Amino acid sequence: MADPVRLQHRAEQAASALPPLLVAAQRVAATVAQGVHGRRRVGQGETFWQFRQYQPGDSAQRIDWRESAKSQRVYVRETEWEAAQSVWLWRDASASMDYASSRALPSKRERADLLTLALAALLLRGGERVTLLGSGVAPSHGRAVLNRMALQLGGTGAGLPAVEPLPRHGQLVLVGDFLAALQEIEAVVAGYAAMGLKGYLLQVLDPSEETLPFEGRVRFEGLEREGALLVSRVETLRGDYAERLARHRAGLNAMTRAAGWSFATHRTDRPPHTALLALFQTLAEHEG
């Protein structure tokens with residue numbers, strides 16, 4: 001049984017980080033929102049979107065005669081597509097995500113938390129329904145959703161998400177380092193793809209995990225009970241390491257493409273809004 005004093009202390013630490021995380025997430029979301037035109041689309045609904053000039057094939061019932069009377073052109077009235085998407089978000093909460101090679105950089109978990117919450121803020125701005133995968137809470141919209149998700153992100157976990165029943169035609173975003181065995185990741189991707197969900201994998205890595213910049217004798221400590229590894233001349237492994245990482249990423253790319261999903265990578269030394277913009281635009285394409 002967990003020590004209640006330690007549990008309360010960790011809860012207080014997590015809660016104290018929420019306001020800065022929320023502010024940062026909303027700032028990143030606002031930056032991206034300035035560069036996109038929103039997720040509104042023409043479709044069935046009652047909310048007015050815009051007028052456009054009449055085109056052959058348009059129904060006469062859609063002509064707005066009052067607007068058309070203002071000029072010599074005929075205009076039709078378009079309404080906004082109102083069938084909001086349901087999006088499930090997940091970020092890796094395992095111990096390996098706590099890694100940062102420098103105090104000047106955020107940990108992988110800090111960056112994953114920021115991207116997950118910023119994406120939620122951006123989706124909520126567009127009227128989408130959002131929730132965290134595995135939370136047991138149905139997707140919904142509104143300011144309270146973002147606050148609830150920020151609290152839920154304070155937890156810890158291990159490994160990949162479980163495959164749970166979700167409605168067809170929803171979207172799933174998984175954010176983590178995805179350094180687990182390819183067959184384990186593929187089981188999750190294939191499981192959700194078989195339900196008819198579209199998905200997106202975003203791999204978040206520290207720059208040192210890409211370049212292995214260390215020199216000489218280095219002791220690597222495992223963050224998930226892998227044990228320690230002492231390497232006498234780490235620079236001699238750099239080429240093989242880069243090749244292995246490239247093969248792993250190629251496998252991730254192949255499995256997601258086969259499932260009709262998308263895959264991208266992000267380094268913690270890069271601006272978060274660039275990854276968020278690419279992710280958001282891909283979700284919009286999947287929705288189309």
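Residues numbered from 1 in each chain as written. Predicted model: local features only at pLDDT ≥ 70, side-chain atom pairs only at ≥ 80, totals over all residues. Heavy atoms only, no water.

Draft legend 1. Representation of the overall build of the protein chain. Across its full length, the protein chain holds nine helices and nine strands. For the protein chain, with 288 residues in total, the buried portion stands at 39%. Long-range contacts, defined here as pairs at least 24 residues apart, represent 73% of the contacts in the protein chain between residues at least 6 apart. Taken as a whole, the protein chain presents about 16000 Å² of accessible surface, with 52% of it coming from carbon and sulfur. (Helix = DSSP H or I, 4+ residues; strand = E, 2+ residues; numbered from the N terminus. Buried < 20%, exposed > 50% of the residue type's maximum accessible area, 1.4 Å probe, protein only. Contact = heavy atoms within 4.5 Å. Areas by Shrake-Rupley, 256 points an atom, 1.4 Å probe, with all protein chains shown as cover.)

Draft legend 2. Focus on the sheet that holds strand 9 (residues 262-267). The strand order 4-3-5-6-9 describes an open sheet built from five strands, whose pairing is parallel. Looking at which strands have only one partner, the edges of the open sheet turn out to be strand 4 (129-132) and strand 9. Strand after strand, the sheet turns through a mean of 20° between neighbouring axes, direction not considered. Summarising the sheet, strand 3 (residues 86-91) and strand 5 (residues 171-176) pair through five bridges and their orientation is parallel. The partner of R91 across the bridge, within strand 5, is V175. (Pairing = 2+ DSSP bridges. Axes fitted to C-alpha atoms, helices over the stretch in contact; angles between N-to-C directions.)

Draft legend 3. Layout of the packing of helix 6 (residues 182-193) against helix 8 (residues 238-258). Across the interface, helix 6 lies against helix 8 with an axial gap of 10 Å and an inter-helix angle of 20°. The angle between helix 6 and helix 8 falls in the class roughly parallel. Remark: the crossing between helix 6 and helix 8 carries right-handed chirality. Two secondary-structure elements touch here, helix 6 through L182, I185, E186 and V189 and helix 8 through H248, G251, L252 and M255. (Parallel < 35°, antiparallel > 145°, perpendicular 65-115°, else oblique. Left-handed = near helix turned anticlockwise from the far one by under 90°.)

Draft legend 4. Structural context of helix 5 (residues 143-152). Within helix 5, the full set of buried residues consists of V145, L146, M149 and A150. On an axial view of helix 5, the arc spanned by its buried residues comes to 135°, and they lie on one face. The exposed residues of helix 5 that point more than 90 degrees off its buried face are A144 and L151. (Arc of directions from axis to C-beta.)

Draft legend 5. Structural view of the nonpolar core. Counting 37 residues, the largest nonpolar core has L89, L117, L119, M149, V173, L202 and L276 as the members making the most contacts within it. Elements with a minimum of two residues in this core: helix 2 (18-33), strand 3, helix 4 (108-125), strand 4, helix 5, strand 5, strand 6 (198-205) and helix 9 (272-287). Sort the elements by how many residues they give to this core and helix 4 lands first, with eleven residues. Sequence-distant contacts of V173, that is, excluding residues within four places in its chain, are made with V87, W88, L89, W90, L119, Y200, L279 and L283. (Core = buried A, V, L, I, M, F, W, Y, C linked by side-chain atoms within 4.5 Å.)

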